[in-house]
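Understanding the architecture of this molecule
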Amino acid sequence: MGEERVRIGIVGAGIAGERHAEAFARHPRASVAGIAELDADRGRRLAQRVGAAYFADYRAMLRAGLDAVVICLPHALHRACALDAAGAGVHMLLEKPIATTLDDARAIVGAAERAGVWLMMGYVHRFRPEVEAARDLIARGRLGRPRTVLDRFISGGMQDTPRWVWDRSQAGGGVVMYGGVHAIDRLRWLLGDEIVEVYARTDTCTNPVDVEDAVCAVVTFASGATGVLYEHAPAYGRLGAWTTEVFGTDGALIVTTGATLEYRGRDGAQRWTYGEDRRFERQADEFLAAITGGRPPSVTGDDGLRGLEVALALYRSAASGRPERARS
Ligand SMILES: NC(=O)c1ccc[n+]([C@@H]2O[C@H](COP(=O)([O-])OP(=O)(O)OC[C@H]3O[C@@H](n4cnc5c(N)ncnc54)[C@H](O)[C@@H]3O)[C@@H](O)[C@H]2O)c1
């Protein structure tokens, strides 16, 4: 691909689409060539802002000669768009969750493999410096063996999110599918371990919806470590920060998202603070490095599949009242 800029198309110009478009538009090795969006006003506005062409139909954009697309659509539409993108031979950065069913997720991973294009999952929180630093501490053994974890993820209710997020047919569920998959991936990635079993309760507490707006789950990792996943999207707004805690045999850490990383272990205590948030730029950088370097991205379709397996096991457990296996 030489020194030419990678031509990126964005499908869906909503909350996520905007952030990706701005990140790629700022990147010296990329240009945003097209924005595909059903809502013409919204699509044209973003296209103008980043100097791209507007398309009402993403298939027309795929025919316009792109190197890669970023898929930022309601979850149930991920499969059709990803298969079209693979058919057009373009690389994909696909927003989470990979899909709403394992069948769709496997079809996406298979289509990308057969087409020989890279599929990267949009688990953007891996690109937060405080989360990356936490993973580094764990990987270097500063915590010994991680034994218990807690992820507390409080987001906004209906007032803060698009309506489709609360429609099972489009989102595949409620807060677990929109936000919870980030928390699931964060725990998997931090520990470098797989969640093999889930015991969960879900509830609909404050939003007038028929999907869950709260979840409390106990998860078991392949290593035997256990964790609690606690998520709420109250209609009256957020309270408190998104925190992740890991306690191990030799030390512990607490990530306060966007703010601090605290460590205490047998070798002392440390605290780091974080301000600037460039996670979408750093994610774009990794995607472009994979494409131009001819190497797989650091976040794969398999990560998407594993995250979805855990989310679906969580729903099965909430329905059955029993622990459920997460691996298919
Ligand atoms: N990583 C993050 O931080 C983050 C944040 C928000 C959302 N997301 C993910 O991004 C995806 C989109 O969520 P969102 O919050 O941006 O939703 P959104 O509703 O804000 O945006 C989706 C857009 O897609 C458009 N659209 C729907 N069907 C289309 C079609 N066939 N062709 C073109 N455009 C179409 C809609 O008009 C809408 O503008 C989801 O997978 C979601 O989970 C990720």
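Whatever comes next refers back to the structure up there.
Below or above, wherever it landed, is the structure these notes cover. (Residues numbered from 1 in each chain as written. Predicted model: local features only at pLDDT ≥ 70, side-chain atom pairs only at ≥ 80, totals over all residues. Heavy atoms only, no water.)

1. A word on the overall build of the protein chain
- Along the backbone of the protein chain there are 10 helices and 15 strands.
- Relative to the 2.2 N^0.38 estimate, which gives 20 Å for 328 residues, the radius of gyration of the protein chain is 20 Å and therefore close to what a compact globule would have.
- Its C-alpha atoms put the protein chain at 55 × 45 × 40 Å along the principal axes.
- Here the protein chain, with 328 residues, has 55% of them falling under the buried criterion.
- Here the analysis covers contacts within the protein chain between residues at least 6 apart in sequence; of these, 68% occur between residues at least 24 apart.
- When the accessible area of the protein chain is evaluated, it comes to approximately 14,000 Å², of which 48% is carbon and sulfur surface. (Helix = DSSP H or I, 4+ residues; strand = E, 2+ residues; numbered from the N terminus. Rg over C-alpha atoms; globule rule 2.2 N^0.38 Å. Buried < 20%, exposed > 50% of the residue type's maximum accessible area, 1.4 Å probe, protein only. Contact = heavy atoms within 4.5 Å. Areas by Shrake-Rupley, 256 points an atom, 1.4 Å probe, with all protein chains shown as cover.)

2. Focus on the site of the ligand
- Lining the immediate surroundings of the ligand are 24 residues, of which Glu37, Arg42, Lys96, Trp164 and Tyr178 lie closest.
- Leu73 is positioned with one of its backbone polar atoms (N or O) 3.4 Å from an oxygen atom of the ligand.
- Between the ligand and Lys96, the relevant distance is 2.8 Å, taken from an oxygen atom to a side-chain nitrogen or oxygen of the residue.
- At three residues, the largest contribution of residues to the shell around the ligand is made by helix α1 (residues 15-26).
- Class assignment of the residues belonging to the shell around the ligand gives a composition of 13 nonpolar, six polar and five charged.
- Both domains that furnish three or more residues to the shell around the ligand are identified here as domain 1 (6-124 + 280-299) and domain 2 (125-277 + 309-325). (Near = heavy atom within 4 Å. Polar contact = N/O pair within 3.5 Å; in protein donor to acceptor, adjacent residues only side chain to side chain. Nonpolar A, V, L, I, M, F, W, Y, C, P; charged D, E, K, R; others polar. Domains from an automatic or database assignment.)

3. Quick word on the state of the cysteines
- Following the criterion strictly, the structure yields zero disulfides and no others.
- Free of any disulfide, Cys81 has its nearest neighbouring cysteine sulfur in Cys72, separated by 9.2 Å.
- The cysteine Cys205 is free of any disulfide, with Cys216 supplying the nearest cysteine sulfur at 11 Å.
- Judged by its relative accessible area of 40%, Cys205 falls in the partly exposed class. (Disulfide = S-S within 2.5 Å.)

4. So, the sheet that holds strand β6 (residues 119-122)
- What the six strands build is an open sheet, ordered β3-β2-β1-β4-β5-β6; its pairing is parallel. The open sheet has two edge strands with one neighbour each: β3 (53-55) and β6. Averaged over all adjacent pairs, the angle separating strand axes in this sheet is 25°, with direction ignored.
- Judged from the three bridges that link them, strand β2 (residues 30-36) and β3 form a sheet pairing that is parallel. In the strand pairing of β3, Ala36 is matched with Phe55. (Pairing = 2+ DSSP bridges. Axes fitted to C-alpha atoms, helices over the stretch in contact; angles between N-to-C directions.)

5. Notes on the packing of helix α6 (residues 129-139) against helix α8 (residues 175-191)
- Between α6 and α8, the least distance of the axes is 8 Å, while the angle of their chain directions is 35°. On the side of α6, the interface is formed by Val131, Glu132, Ala134, Arg135 and Ile138, while α8 contributes Arg186, Trp189 and Leu190.

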